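Topology and contacts: notes
Listed below are the residues making up each chain.
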Amino acid sequence: MPAPVRPHAAPASAAEGTSVRDLVDEARRVKAIELVTLHHLNVEQIALRLGYTDAATFIRAFRRWTGTTPGACSRC
């Protein structure tokens, strides 16, 4: 019987002090800034593309990452 396959991302990231949640959050942050500044999408569309259940949750995360709202950032 072959040995079970074990995911390597979680142990490696945990050893480095970074959780999977932190990695997902960082990937969302980078993509959110790109979508807000480069694409003509509304906040609801961006929230859904990034896997948020609603725009309010996305707006709170965006404000935590950048110190501003997506609407204010898109006009920058």
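Scoring rules and cut-offs
Residues numbered from 1 in each chain as written. Predicted model: local features only at pLDDT ≥ 70, side-chain atom pairs only at ≥ 80, totals over all residues. Heavy atoms only, no water. Phe/Tyr/Trp six-rings, centres within 6.5 Å; stacked < 30°, edge-to-face > 60°. Helix = DSSP H or I, 4+ residues; strand = E, 2+ residues; numbered from the N terminus. Buried < 20%, exposed > 50% of the residue type's maximum accessible area, 1.4 Å probe, protein only. Lys NZ or Arg CZ within 6 Å of the ring centre and 35° of its normal.

**Let's talk about the packing of aromatic side chains**
For any pair of aromatic rings, geometry is given as the distance between the ring centres together with the angle between the planes. The full count for this structure, using the stated rule, is three aromatic pairs. Both rings, one in Phe 58 and one in Phe 62, keep their centres 5.8 Å apart while their planes meet at 55°; by these two values the pair is tilted. Of this pair, Phe 58 and Phe 62 are both found in helix 4 (residues 55-66), four residues apart, which corresponds to roughly one turn of the helix. Take Phe 58 and Phe 62: they sit in the same class, and that class is buried. Consider the rings of Phe 62 and Trp 65, whose centres lie 6.5 Å apart with planes at 70°: the pair is edge-to-face. On the criterion of helical spacing, the pair formed by Phe 62 and Trp 65 is a turn pair, its members being three residues apart in helix 4. Given a relative accessible area of 16%, Trp 65 falls into the buried group. Ring-pair connections join several aromatic residues into one group, and the members of that group are Tyr 52, Phe 58, Phe 62 and Trp 65. Across from the ring centre of Tyr 52, 4.1 Å away, lies the NZ or CZ of Arg 28, which sits over that ring.

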